[in-house]
Amino acid sequence: MSTPQRHAHIGIRPDKDTFLVQENPFEEMMSRFDDAAKRLGLEPGLYQVLRFPEKQIIVSVPVLRDNGTVEVFTGYRVIYNTSRGPAKGGIRFDLQVNLDEVKALAAWMTWKCAVVNLPFGGAKGGVICDPATMSLGELERLTRRYTSGIIDTLGPDSDVPAPDVNTNERVMAWVMDTYSMHKRHTVTAVVTGKPVEMGGSLGRREATGRGCMFVTREALKKLGMPIKGTRVAIQGFGNVGSVAAELMSGLGLTVVAVSDKSGGIHDPKGLNLAEVLKHARDRKLLSDYKGAEHVTNQELLTIDCDVLVPAALENVITDENAKHIKARIICEGANGPTTAAADKILNQKGVFVIPDILANAGGVTVSYFEWVQDRGGYFWDEATVNQRLERIMVQSFDEVTAMAEKHKVDNRIGAYMLAIDRVAAVHRLRGLYA
Ligand code: NAD
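What this report covers is the structure whose coordinates are included nearby. Residue indices follow the written sequence of each chain, beginning from 1 at its first position. Restriction of local features to residues with pLDDT of at least 70 applies here, the model being predicted, together with a cutoff of 80 or more for giving and counting side-chain atom pairs; totals for whole chains, interfaces and linings are based on all residues. Here the side-chain values reflect all heavy atoms present in the structure, with hydrogen atoms and water set aside.

**Considering the overall build of the protein**
- Broken down by element type, the protein carries 15 helices and twelve strands.
- Taken against the 2.2 N^0.38 rule, which gives 22 Å for 434 residues, the C-alpha radius of gyration of the protein at 21 Å falls within 12% of a compact globule.
- Exposure is judged per residue with a 1.4 Å probe applied to protein chains only, and the accessible area is read against the type maximum: over 50% gives exposed, under 20% gives buried, and values in between give partly exposed. For the protein, the residues scored as buried account for 58% of the 434 residues in total.
- The contact rule is simple, with two residues in contact once any of their heavy atoms fall within 4.5 Å. For the protein, the proportion of contacts with a sequence separation of at least 24, taken over those separated by at least 6, is 70%.
- All accessible-area figures derive from a Shrake-Rupley calculation using a 1.4 Å probe, and residue coverage is judged against the displayed protein chains alone. Taken as a whole, the protein presents about 18,100 Å² of accessible surface, with 52% of it coming from carbon and sulfur.
- When charges are counted, Lys and Arg contribute as positive and Asp and Glu as negative, whereas His and the chain ends are disregarded. Every charge is mapped to an atom, namely NZ of Lys, CZ of Arg, CG of Asp or CD of Glu. Looking at the protein, you have 52 positive and 52 negative side-chain charges, and the mean spots of the two groups are 3 Å apart. In DSSP terms, a helix is any run of H or I states spanning at least four residues, a strand is any run of E spanning at least two, and both are numbered starting from the N terminus. In this setup the radius of gyration rests on C-alpha atoms only. A globule is expected at 2.2 Å times the number of residues raised to 0.38.

Structure (structure tokens):
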């Protein structure tokens, strides 16, 4: 999360006009859902049920600013589907937050939890705000008021948030405390991604990047490619990107390029990763890094490499740049980095895409472990967490690729088919509550 600074005035929706012309993430998700549902021969009634979120909450969040004025923010929580268990999904604080995005992310969480076979449904939440312009006190008041606005849906058995863009374990601690104060007792399992001292899980911070490493290793094995010397380029050097870089390098891959929002750095012989990680840990931007050639974020995507890991934003691989991508494998660390139009081009080029709902599912898998540990009151060591994560990621990789091969579809549609099939099976067993 960006360092909170003393604030400048922020408008409620300065980005309104730009986001309206961007690709609609819900439609992007739905186009894949429709394809997978059709191939599965999903019955029309169930198709309708799964096309709509169960619940959409919009709350106004009044916050006392440090200068004595009151500002009202807009917050959302979308519960997409709970047939398989409590809703699970992060909370995002960002100016780009809008209902369609939250709906799409909530649906993705539903499919993601089903792909890795966790007993969870899917949800997502967000508040339209710019945390970089807010003090810590303002952020805490915003978090607590938003939490109390959506408190009726929250609970270890009903809806369990986690961190997402611009929220972190500190924010989760405030959500947990607010919920616990309302309940009159401490409820650790109401959120995941908490600090370890208050019921968080060892290995959670690294889990998404570690999951990316496991599925990339499996993809290399499957394609008969070596690990040693295979070149990887990573867009985004935050939680997911930096951990993926470190662990992939530890495995023997050569990290040739990484980027953050300021731009990228490239060395065809391999970056000095220890130095780059230290640079990032010192909170310096990669544009200030001296030891490598500088590239733009656009250039990074089409750089000469074997594995590309988009681990920053949505919709970065498009029909414009997909034809220039040189990587043989794309491991989607970010949610929704590839547009539906780009999928077709990548498919024609024979690029092996490990789709987001599989590739970045390591995070929610260890969130599940955290929830299990909180409820059991018994905590595992880090080696146990990592072994159990590896088992789930490898098994899910095998199940997704088997589904894709059986139905002669790409891995993304294979993953959607696996997920929708699992969610649909539970709906059929439970029947329709009248
Ligand atoms: P983060 O905030 O820790 O890091 C984001 C990184 O992306 C930073 O290096 C930032 O500088 C960079 N970035 C921002 N804007 C950019 C731009 N325009 N171009 C290039 N880089 C840019 O976030 P994170 O937790 O690493 O999440 C990254 C992605 O992974 C998001 O799509 C998130 O939804 C997804 N994801 C995260 C987790 C998790 O456990 N953290 C789990 C699943 C999916």
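On we go from here.
**Things to note about the site of the ligand**
- If you check the shell around the ligand, you find 19 residues, and the closest are Thr208, Phe237, Asn239, Val240 and Lys261.
- The contact in question runs from an oxygen atom of the ligand to an N or O atom on the side chain of Arg204, over 3.5 Å.
- One nitrogen or oxygen atom from the main chain of Gly333 is found 3.4 Å from an oxygen atom belonging to the ligand.
- Out of a free accessible area of 830 Å², the ligand has 75% covered by protein chains.
- Of the residues in the shell around the ligand, the class split is six nonpolar, eight polar and five charged. A cutoff of 4 Å decides nearness: a residue is near a molecule or strand if any of its heavy atoms lies inside that distance of it. A 3.5 Å cut-off defines polar contacts: any pair of N or O atoms within that distance qualifies, except that in protein one atom must be a possible hydrogen donor and the other a possible acceptor, and neighbouring residues in sequence count only when both atoms are side-chain atoms. Under the convention adopted here, Pro, Cys and the residues Ala, Val, Leu, Ile, Met, Phe, Trp and Tyr are nonpolar, Asp, Glu, Lys and Arg are charged, and Gly plus all remaining residues are polar.

**Some words on the side chain of His427**
- As for its placement among the helices and strands, His427 is situated in helix H15 (residues 411-430).
- Take His427: its relative accessible area is 18%, and that puts it in the buried class.

**Focus: the nonpolar core**
- What is meant by a nonpolar core is a set of buried Ala, Val, Leu, Ile, Met, Phe, Trp, Tyr and Cys residues, joined one to another through side-chain atoms within 4.5 Å. Counting residues in each nonpolar core, the largest one holds 90 residues, and the members touching the most others are Met29, Phe33, Trp111, Val258 and Ile354.
- For this core, the element with the most residues is helix H4 (residues 99-115), which contributes eleven residues.
- For Trp111, the contacting residues outside a window of four places in its chain are Met29, Phe33, Leu50, Tyr80, Ile357, Tyr416, Ala419, Ile420 and Val423.

**Some remarks on unusual backbone geometry**
- With a phi angle near 60°, Arg283 is a residue other than glycine that sits in the positive phi range.
- The exposed category is assigned to Arg283, whose relative accessible area is 64%.

**Details of the sheet that holds strand E7 (residues 254-260)**
- Should DSSP find at least two bridges between two strands, the strands are taken to pair. Reading across from one edge, E9-E8-E7-E6-E10-E11-E12 is the order of the seven strands in this open sheet, with mixed pairing throughout. If you trace the sheet from one side to the other, it starts and ends with strand E9 (293-295) and strand E12 (352-354), each paired once. Neighbour-to-neighbour, the strand axes of this sheet turn through a mean angle of 20°, independent of strand direction.
- Strand direction decides the pairing type here: E7 and strand E8 (residues 263-266), joined by four bridges, are antiparallel. Along E8, the bridge assignment pairs Val258 with Ile265. The convention used is that axes are lines fitted to C-alpha atoms, helices contributing only their stretch in contact, and that angles between N-to-C directions extend from 0 to 180 degrees.

**A look at the pairing of strand E3 (residues 87-93)**
- Of all seven residues in E3, seven are buried; the element is thus mostly enclosed.
- Here E3 pairs with strand E4 (residues 121-127) via five bridges, running parallel. Looking at E4, one finds that Ala87 is bridged to Gly121.
- Traced from E3 through H4 to E4, the parallel crossover comes out right-handed.
- With five bridges joining them, E3 and strand E5 (residues 159-163) adopt parallel strand pairing. Counterpart to Gly90 in the pairing with E5 is Ala162. Whether a crossover is right-handed comes down to one check: with the strands pointing away from the viewer, does the path from the first strand over the helix to the second run clockwise; if it does, it is right-handed.

**Some details on the pattern of salt bridges**
- We define a salt bridge as a side-chain nitrogen of Lys or Arg found within 4 Å of a carboxyl oxygen belonging to Asp or Glu. Under the counting rule described, the total for this entry stands at 31 salt bridges.
- Note that Asp34 is salt-bridged to Arg51, the shortest N-O span being 3.1 Å. In this pair, Asp34 sits in helix H2 (residues 25-40) while Arg51 sits in helix H3 (residues 44-51), placing the two residues 17 residues apart along the sequence.
- A salt bridge links Arg412 to Asp343; its shortest N-O distance comes to 2.7 Å. With Arg412 in helix H15 and Asp343 in helix H11 (residues 340-349), the pair connects residues that are 69 residues apart, well separated along the chain. Residue Arg412 shares its accessibility class with Asp343, and that shared class is buried.
- When salt bridges with common partners are traced through the structure, they connect Arg32, Glu332, Asp343, Asp356 and Arg412 into a single cluster.

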